[in-house]
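# Breakdown of the fold
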Amino acid sequence: MENIRRKNKMIETYSVLIIDILGVVVAYALALFIRFNIINYEIYPKQFHLMVGAYIVVLCLLYNMFLDANRNFFTRGYYQEFYYTARYTLILVVGLVVVLYLTQQAYAFSRSVYIIFAILNTLITYAAHLLFKKSMWEIYCKSTNAAKILVVTKAAIAEEVLGNLIKYREWYYEVTAAAIYDADLKGQSINEVPIIAGQADLYETVVQMTVDEVFICLPDIAVHEIRDMVHRFEEMGLVCHYNVDLFSRDNPNTYVQKIAGYSVISFALKTMDSRRLLVKRLIDIVGSIVGLILTAVLAPFVAVAIKLDSPGPVFFSQTRVGKNGRRFKIWKFRSMYLDAEKRKKELEAHNEIKGLMFKMEDDPRITRVGKFIRRTSIDETPQFLNILVGDMSLVGTRPPTVDEFEQYNGYYRRRMSITPGLTGMWQVSGRSDIQDFEEIVKLDLEYIDNWSLGLDIKILFMTIYAVLGRRGSK
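Described in the following lines is the structure provided in the data block.

How each quantity is defined
- Residues numbered from 1 in each chain as written.
- Predicted model: local features only at pLDDT ≥ 70, side-chain atom pairs only at ≥ 80, totals over all residues.
- Heavy atoms only, no water.
- Helix = DSSP H or I, 4+ residues; strand = E, 2+ residues; numbered from the N terminus.
- Contact = heavy atoms within 4.5 Å.
- Areas by Shrake-Rupley, 256 points an atom, 1.4 Å probe, with all protein chains shown as cover.
- Expected span 1.5 Å × (residues − 1).
- Buried < 20%, exposed > 50% of the residue type's maximum accessible area, 1.4 Å probe, protein only.
- Arc of directions from axis to C-beta.
- Pairing = 2+ DSSP bridges.
- Axes fitted to C-alpha atoms, helices over the stretch in contact; angles between N-to-C directions.
- Core = buried A, V, L, I, M, F, W, Y, C linked by side-chain atoms within 4.5 Å.
- Nonpolar A, V, L, I, M, F, W, Y, C, P; charged D, E, K, R; others polar.
- Phe/Tyr/Trp six-rings, centres within 6.5 Å; stacked < 30°, edge-to-face > 60°.

## Observations concerning the overall build of the protein
Tallying secondary structure elements over the protein gives 15 helices and twelve strands in all. Residue pairs at least 24 apart in sequence account for 72% of intrachain contacts in the protein once pairs closer than 6 positions are excluded. Just so you have it, the protein exposes about 26,500 Å², and 61% of that area is on carbon and sulfur atoms.

## Some points on helix 2 (residues 46–66)
Spacing of three or four residues puts side chains on the same side of an α-helix, whose turn is 3.6 residues. Taking 1.5 Å of rise per residue, the 21 residues of helix 2 would be expected to cover 30 Å, and the 30 Å separating its terminal C-alpha atoms lies within 8% of that figure. Every buried residue of helix 2 is listed here: Phe-48, His-49, Val-52, Gly-53, Ile-56, Leu-59, Cys-60, Tyr-63 and Asn-64. Buried residues along helix 2 cover an arc of 155 degrees about the axis, so they all sit on one side. Residues of helix 2 that are exposed and point over 90 degrees away from its buried face: Gln-47 and Leu-50.

## With respect to the sheet that holds strand 2 (residues 173–180)
Judged by pairing direction, the sheet is mixed, and its six strands sit side by side in the order 3-4-2-1-5-6 without closing on themselves. Bordering the open sheet on either side are strand 3 (189–190) and strand 6 (239–242), each of which pairs with just one other strand. Direction of pairing for strand 5 (residues 213–217) relative to strand 6: parallel, over a ladder of four bridges. If you follow Ile-216 over to strand 6, its bridge partner there is Tyr-242. Contacting strand 1 (147–153), strand 5 and strand 6, helix 7 (residues 223–235) runs over the sheet at an angle of about 175 degrees to strand 5.

## Things to note about the pairing of strand 4 (residues 193–197)
Taken across its five residues, strand 4 has four buried, putting it largely inside the fold. In the sheet, strand 2 pairs with strand 4 via two bridges, with the strands oriented parallel. Bridge pairing in strand 4 places Ala-178 opposite Ile-195. A loop of two residues connects strand 3 with strand 4, the two strands running antiparallel in sequence, and Asn-191 in this loop sits at a positive phi of about 55 degrees.

## Some thoughts on the pairing of strand 2
Most of strand 2 sits inside the fold, with six of its eight residues counted as buried. Pairing geometry for strand 1 and strand 2, over seven bridges, is parallel. Counterpart to Ala-147 in the pairing with strand 2 is Tyr-173.

## A word on unusual backbone geometry
Even without being glycine, Asn-191 reaches a positive phi, approximately 55 degrees. Note that Asn-191 resides in the loop between strand 3 and strand 4. A positive phi angle is found at Asn-324, which is not glycine, with a value near 50 degrees. Mapped onto the fold, Asn-324 is located in the loop between strand 9 (315–321) and strand 10 (327–333). Residue Asn-324 is classed as partly exposed on the basis of its relative accessible area, which comes to 35%.

## Brief notes about the nonpolar core
Counting 32 residues, the largest nonpolar core has Tyr-408, Phe-437 and Tyr-447 as its most contacted members. Listing elements by their share of this core, those giving two or more residues are strand 10, helix 11 (383–389), strand 11 (393–395), helix 14 (437–449) and helix 15 (453–468). Not counting residues within four places of it along the chain, the set of residues in contact with Tyr-447 comprises Lys-280, Val-395, Gly-396, Ile-418, Met-425, Leu-455, Asp-456 and Ile-459. Counting 25 residues, the second-largest nonpolar core is a separate cluster that includes Val-16, Ala-147, Leu-165 and Ile-190.

## A few points about the packing of helix 8 (residues 274–309) against helix 10 (residues 368–375)
When two helices pack together, their arrangement is given by the angle between the helix axes and the distance between those axes. Contact geometry for helix 8 and helix 10: axes closest at 8 Å, N-to-C directions at 145 degrees. Counting all contacts with helix 8, which are made through Val-302, Ala-305, Ile-306 and Asp-309, the residues of helix 10 involved are Arg-368, Val-369 and Ile-373. Taken together, the residues that form the contact of helix 8 with helix 10 break down as five nonpolar, no polar and two charged.

## Section: the environment of Val-175
Mapped onto the fold, Val-175 is located in strand 2. What Val-175 contacts, discounting residues up to four positions off in sequence, is Ile-149, Val-151, Leu-162, Leu-165 and Val-193.

## A few points about the packing of aromatic side chains
In this structure the tally under the stated criterion is eleven aromatic pairs. Arranged with centres 4.9 Å apart and planes meeting at 45 degrees, the rings of Tyr-63 and Tyr-88 form a pair that is tilted. In this pair, Tyr-63 is assigned in helix 2 and Tyr-88 in helix 3 (residues 78–102), connecting sequence segments 25 residues apart. Tyr-88 shares its class with Tyr-63; the two are buried. Plain terms: the ring middles of Tyr-203 and Phe-233 are 5.5 Å apart, the flat faces sit at 55 degrees to each other, and that makes the pair tilted. Of this pair, Tyr-203 sits in helix 6 (residues 202–207) while Phe-233 sits in helix 7, placing them 30 residues apart in sequence. Accessibility expressed as a relative area gives 0% for Phe-233, which makes it buried.

Honestly, that's just the spatial picture; any functional story needs more than this.
Right, dumping it as structure tokens:
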């Protein structure tokens, strides 16, 4: 059954992708026709404009693949859909401007085509999205191809269960009937779903029905009764879904899998798509290689400056805590005197952050060179090695020291459920102004709960801006 669900999700994803590609092709062709045949008739270089069209299609593909833009596509309302469509078009246009600028072709492209294309693509894509959604809801969902679901439940919870199944339904199934197990309500309807059977005539009725799947929600019914019910439905060739209502329906990251042959129901507060995590890792590898090249260029100059400023090694290493409690050595250019760790206890009264972090504006342990390389974030460039080997990521949460981690409670520990990063949400959210560790945790958890490749890219650009503007330090 999971394979069927995956197949339907793939149909949804690739259908929207094809619609978006066709939309940009039509919008771009119309934009060229309007500009060069209606507004002002001119002969234009078709080869060049075909190449620009290819750029737009590639940008459309990248947008759909990396930004997870069409997540919750079928649950978006009219206004929300228009917002996402307009945002998508704006990103395409901005991306096209950047590509043409980098390829030194910007001046050969008509400015008015940008505007006409943006308007047409927004309108065409928006209309196509709405039409596709309507067709899937109104046509496919009620067609013979859609999965027909029978709900078996109890009278006391029937209205709630049927209401939720209808409200949160997917486009590929239809709730066609219900059976009330502990009452005789045959012939009635609940939430416009007809009641077709009770306990006594359940199986005889289902044999004669058009039904593909059975959703069973029968709390407090004996296990042997449920087992017998599932077995009898399986004999009919039907797929059964048994609601294990251990926790609230609100957790979307609950799934069934096998561990050592045992069927288990797994719960997670947040799950991340493995394909996008792979892309994130590839970005980390490429970014770390570029970063290490930069570090190699800077290292001789930084090393000389550090050695002339104060005695001691060029590099500083410290044990930090990574994903789910893993220990690793973090590397930096040394920015403090050798006795910095010993002097930390003396300075704890001057800590400017409330909670489990230490920060001091005019920290006397920092050397003169250290102040410069911290202000410019040069001290952190050796961490690209940590990123390359997988201990860290370009974007994530701040890796705590061991003594900080040992004071964590369960709530704080959740910020360690992902790979820590060189930069993150709190670093680009006014990190010099944050005075409370609770606020840092809140921003880290916000990042975890809303993670996407698009958010990572946004944080990376914000980090570059923060570093160039010399706003704060880690």
